[in-house]
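Topology and contacts: notes
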Amino acid sequence: GDSVTQMEGPVTLSEEAFLTINCTYTATGYPSLFWYVQYPGEGLQLLLKATKADDKGSNKGFEATYRKETTSFHLEKGSVQVSDSAVYFCASQGGSEKLVFGKGTKLTVNP
Amino acid sequence: GAVVSQHPSRVICKSGTSVKIECRSLDFQATTMFWYRQFPKQSLMLMATSNEGSKATYEQGVEKDKFLINHASLTLSTLTVTSAHPEDSSFYICSASRGRAYEQYFGPGTRLTVT
């Protein structure tokens, strides 16, 4: 079945550092891909998404590009802030319309 | 924005008792609601999908008689864990959407501890 693998955390960075969280997927067909963020004490929020190959999703300075050739959807941000500290989940959604999640990566940004 | 609440946020119950978790969409009508379970350092695992007014569709391996799901209105779904055991201790998360092809909005989760 479909699966999502994302880099294990936790990730600790200093403010203004560059962030990459790797995510790869396996799926039949061409799923839609998502990044969700979960701030402490809150529910998951959609951060960005891409629905077809070569699409780039972006929001709040975060970006991820749907790479069909490498089956990847890596999350990047050029300069992280303390307020970006959260758990980030990569997810795919295929023909069944069910969301399949990675295990989550906890990011801590120190001032 | 679309807000989904869950109640309670934390619950502790004794082994053998039942516990009900509520999931509410506060500012939109949720035709479809989803229930997930999350173990520590694991991904969210879909337990079941429910459509308002009809029976829930359970994922393989999820006991429908143990995890009772009711979606009686467009703003409320409930998950009842019957005859709970310590292995049912987990973080339960619901999400709601306006329909299967629409974005899912997630609740903050409920931490269940069975002693």
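Okay, so let's go over this structure.

Basis of the calculations
- Residues numbered from 1 in each chain as written.
- Chains lettered and ligands numbered in written order.
- Predicted model: local features only at pLDDT ≥ 70, side-chain atom pairs only at ≥ 80, totals over all residues.
- Heavy atoms only, no water.
- Helix = DSSP H or I, 4+ residues; strand = E, 2+ residues; numbered from the N terminus.
- Rg over C-alpha atoms; globule rule 2.2 N^0.38 Å.
- Contact = heavy atoms within 4.5 Å.
- Areas by Shrake-Rupley, 256 points an atom, 1.4 Å probe, with all protein chains shown as cover.
- Lys, Arg positive; Asp, Glu negative; His and termini not counted.
- Charge placed at Lys NZ, Arg CZ, Asp CG, Glu CD.
- Buried area = accessible area lost by both parts, 1.4 Å probe.
- Salt bridge = Lys/Arg side-chain N within 4 Å of Asp/Glu carboxyl O.
- Polar contact = N/O pair within 3.5 Å; in protein donor to acceptor, adjacent residues only side chain to side chain.
- Pairing = 2+ DSSP bridges.
- Axes fitted to C-alpha atoms, helices over the stretch in contact; angles between N-to-C directions.
- 1 Å grid on protein atoms, 1.4 Å probe; cavity = no way out; pocket = protein on both sides within 12 Å on 5 of 7 lines; lining within 4 Å.
- Points joined across faces, edges and corners; volume = space filled by probe spheres on them.
- Nonpolar A, V, L, I, M, F, W, Y, C, P; charged D, E, K, R; others polar.
- Buried < 20%, exposed > 50% of the residue type's maximum accessible area, 1.4 Å probe, protein only.
- Disulfide = S-S within 2.5 Å.

**Brief notes about the overall build of chain B**
Assigned secondary structure in chain B consists of zero helices and 11 strands. Along chain B, helices and strands appear, N-terminal first, in the series β-β-β-β-β-β-β-β-β-β-β. The C-alpha radius of gyration computed for chain B amounts to 13 Å, which stays within 12% of the reference 13 Å derived for 115 residues, consistent with globular compactness. By principal-axis analysis of the C-alpha atoms, chain B measures approximately 35 × 25 × 25 Å. Long-range pairs, those at least 24 residues apart, make up 55% of the contacts in chain B with a sequence separation of at least 6. As presented, chain B carries roughly 5800 Å² of accessible surface, and 51% of it is formed by carbon and sulfur atoms. Taking the average place of the 12 positive charges on the side chains of chain B and the average place of its 9 negative ones, the gap between the two points comes to 4 Å.

**Here we look at the interface of chain B and chain A**
Chain B puts 17 residues into the contact, and the matching count from chain A is 15 residues. Taken over both partners, the interface formed by chain B and chain A buries close to 1300 Å², and the fraction arising from carbon and sulfur atoms is 53%. One salt bridge connects B:Glu59 with A:Lys98, and the closest N-O pair in it is separated by 3.0 Å. Linking chain B with chain A are two residue pairs in polar contact (both at pLDDT 80 or more), by the criterion used here. Breaking the side of chain B that touches chain A down by element, the ones donating at least two residues are strand E4 (32–38), strand E5 (44–51) and strand E9 (90–97) of chain B.

**A short note on the sheet that holds strand E7 (residues 67–73) of chain B**
All names here are of chain B. Taken in spatial order, the four strands of this open sheet run E1-E3-E8-E7, and their pairing is antiparallel. Pairing within the sheet leaves two strands with one partner each, and these edge strands are strand E1 (4–7) and E7. Taking the axes of each pair of neighbouring strands and ignoring which way they run, one obtains an average angle of 15 degrees across the sheet. Here E1 pairs with strand E3 (residues 19–25) via four bridges, running antiparallel. When the bridges of E3 are listed, valine 4 appears paired with serine 25.

**Quick notes on the layout of surface pockets**
If you add up the space inside the largest pocket, you get close to 910 Å³. What lines the largest pocket is a set of 35 residues, among which A:Gln38, A:Val87, A:Phe89, B:Gln38 and B:Lys41 lie closest to the centre. Of all the secondary-structure elements, those providing two or more residues to the lining of the largest pocket are strand E1 (3–6), strand E10 (86–93) and strand E12 (105–110) of chain A. Looking at the lining of the largest pocket element by element, the count peaks at four residues for E12(A). When the residues that make up the lining of the largest pocket are grouped by side-chain class, the tally is 13 nonpolar, 15 polar and seven charged.

**Some points on the pattern of salt bridges**
Residues and elements named next belong to chain A. For the structure shown, the criterion picks out six salt bridges over all chains. Of the charged contacts, one joins aspartate 55 and lysine 52 as a salt bridge, the two residues approaching to 3.3 Å between their closest N and O atoms. With a shortest N-O distance of 2.8 Å, lysine 77 and aspartate 84 are connected by a salt bridge. The same class applies to lysine 77 and to aspartate 84, which are both buried.

**Points about the state of the cysteines**
Going through the model one piece at a time under the given rule, you end up with two disulfides over all chains. Each disulfide pairs two cysteine sulfurs, and for A:Cys23 the partner residue is A:Cys90, the sulfurs being separated by 1.9 Å. Taking the torsion about the sulfur-sulfur bond, which here is approximately -70 degrees, the covalent link between A:Cys23 and A:Cys90 counts as left-handed. Placement of the pair is A:Cys23 in strand E4 (residues 23–26) and A:Cys90 in strand E10, with a sequence separation of 67 residues. We classify A:Cys23 as buried; its relative accessible area is 2%. For B:Cys23, the disulfide goes to B:Cys94, at an S-S distance of 2.0 Å. Given an S-S torsion of about 80 degrees, the disulfide between B:Cys23 and B:Cys94 has right-handed geometry. Of the two residues, B:Cys23 sits in strand E3 while B:Cys94 sits in strand E9, which places them 71 residues apart along the sequence. For the unlinked cysteine B:Cys13, the closest cysteine sulfur is that of B:Cys94, found at 18 Å.

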